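# Overview (structure and organization)
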Amino acid sequence: KSMESDGEEEAAAATPGTAGAAPAAGRLKGCPELSVEGDMREMAKTAAWSVSSCKPGNGVASLRDDSLDTYWQSDGAQPHLVNIQFQKKVQLQLVVLYVDFKLDESYTPSKISIRAGDGFHNLKEIKTVDLLKPVGWVHISLSGTDPRETFIHTFMLQIAVLANHLNGRDTHVRQIKIYGPRPNPVPHQPFHFTSRECIMYSTIR
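The sections below set out a description of the structure shown in this document. (Residues numbered from 1 in each chain as written. Predicted model: local features only at pLDDT ≥ 70, side-chain atom pairs only at ≥ 80, totals over all residues. Heavy atoms only, no water.)

### What about the pattern of salt bridges?
Inspection of the entire model under this criterion finds seven salt bridges. When the shortest N-O distance is used, the salt bridge between D170 and R169 registers 2.8 Å. Relative accessible area serves as the criterion here: at 9%, D170 is assigned to the buried category. Taken together, the salt bridges that share partners define one network made up of E42, K45 and R64. (Salt bridge = Lys/Arg side-chain N within 4 Å of Asp/Glu carboxyl O. Buried < 20%, exposed > 50% of the residue type's maximum accessible area, 1.4 Å probe, protein only.)

### Details of the sheet that holds strand 2 (residues 48-51)
In spatial order, the strands read 2-4-9-6-7; together these five strands make up an open sheet with antiparallel pairing. Sheet topology places strand 2 and strand 7 (124-130) at the edges, where each strand pairs with a single neighbour. Averaged over neighbouring strand pairs, the angle between their axes works out to 20° when direction is ignored. As defined by bridge partners, strand 6 (residues 109-117) adjoins strand 9 (residues 152-164) across eight bridges and the pair is classed as antiparallel. Across the sheet, residue I114 finds its bridge partner in strand 9, namely I159. (Pairing = 2+ DSSP bridges. Helix = DSSP H or I, 4+ residues; strand = E, 2+ residues; numbered from the N terminus. Axes fitted to C-alpha atoms, helices over the stretch in contact; angles between N-to-C directions.)

### Some points on the nonpolar core
Grouped burial of nonpolar side chains is what soluble globular proteins tend to show. Of all hydrophobic cores here, the largest spans 31 residues; its most connected members are I84, V95, L97, L157 and I176. Sorting elements by how many residues they give to this core places strand 4 (residues 80-92) first, with five residues. In this structure V95 touches I114, V138, H139, I140, L142, L157, I159, I176, K177 and I178, once residues within four positions along its chain are discounted. Membership of the second largest hydrophobic core comes to seven residues, among which are M40, L94, Y98 and Y179. (Core = buried A, V, L, I, M, F, W, Y, C linked by side-chain atoms within 4.5 Å. Contact = heavy atoms within 4.5 Å.)

### Comments concerning the sheet that holds strand 5 (residues 94-100)
Strands sit in the order 1-11-5-8 across an open sheet of four strands; the sheet is antiparallel. Here the strands that pair on one side only, and so sit at the sheet edges, are strand 1 (40-42) and strand 8 (135-141). Across this sheet, the average inter-strand angle for adjacent strands is 25°, counted without regard to direction. Sheet analysis places strand 5 next to strand 8, joined by seven bridges and oriented antiparallel.

### A closer look at the packing of aromatic side chains
Evaluated as defined, the whole model comprises one aromatic pair. With a centroid separation of 5.1 Å and 75° between ring planes, the pair formed by Y98 and W137 is classed as edge-to-face. In this pair, Y98 is assigned in strand 5 and W137 in strand 8, connecting sequence segments 39 residues apart. Grouping residues by exposure puts Y98 and W137 together as buried. (Phe/Tyr/Trp six-rings, centres within 6.5 Å; stacked < 30°, edge-to-face > 60°.)

### Let's talk about the side chain of D170
Mapped onto the secondary structure, D170 falls in the loop between strand 9 and strand 10 (172-173). A polar contact of 3.1 Å, which involves the side chain of D170, links it to the backbone nitrogen of G76. At 2.8 Å, the side chain of D170 and the side chain of R169 are in polar contact. Beyond its immediate stretch of four places on either side in the chain, D170 contacts S74, D75, G76, H80, S106, Y107 and N164. (Polar contact = N/O pair within 3.5 Å; in protein donor to acceptor, adjacent residues only side chain to side chain.)

### Topic: the environment of Q93
Looking at the secondary structure, you find Q93 in the loop between strand 4 and strand 5. Placed 57 residues apart in sequence, Q93 and T150 show a C-alpha to C-alpha distance of 6.5 Å.

### Quick look at the pairing of strand 9
Pairing of strand 4 with strand 9, which is carried by nine bridges, proceeds in the antiparallel orientation. Directly across from I84, in strand 9, lies its bridge partner L157.

### Some remarks on the environment of G180
One can find G180 in strand 11 (residues 175-181). Put simply, G180 and M43 are 137 residues apart on the chain and 6.1 Å apart in space, counted from C-alpha to C-alpha. Each residue touching G180, except ones within four places of it in the same chain, is listed here: D39, M40, R41, M43, Q91, L92 and Q93.

Function cannot be inferred from these measures alone, as they are strictly geometric.
The following block contains the structure:
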């Protein structure tokens, strides 16, 4: 795998109109590589994870085992919920989940809502995305419509699967990663390349 990023970053930066696209611009398809900006870090290693339901053997641990062969399978009524509770208020920028329509078909999410708050009592929806037969990593930015709002500040995140492809009832999600800004961003990390390009190609306009 080539990790030389400079050309890709310049290409992404030179593409007009990608940053200001409305959240509803198209449906996300996923991309094969998990790629995030070098100034982000995975935030949810110490968080408490729970799900609304699961089939025995396909529980919440499957979302965090770094394996694309295992998956969480819900076992109940929609919406299917993944709850991530942090020990303190954290800044979050990006949710990335791995889904695979080719393997999971009607279990593949088609509509996902992201909610945030202090706890279950005051969660507010901050983003809704539609997925179109996704295969790979789906990047969901948590930034607001104001370009200065690059992250959210929250104690809890909830990922809700509102609908599946082909009207499926239960869902499969293979991995979930949650990223926030590093406390002191490193100026340049050549081994990370930008996710903007990935997001750009994964959206149908």
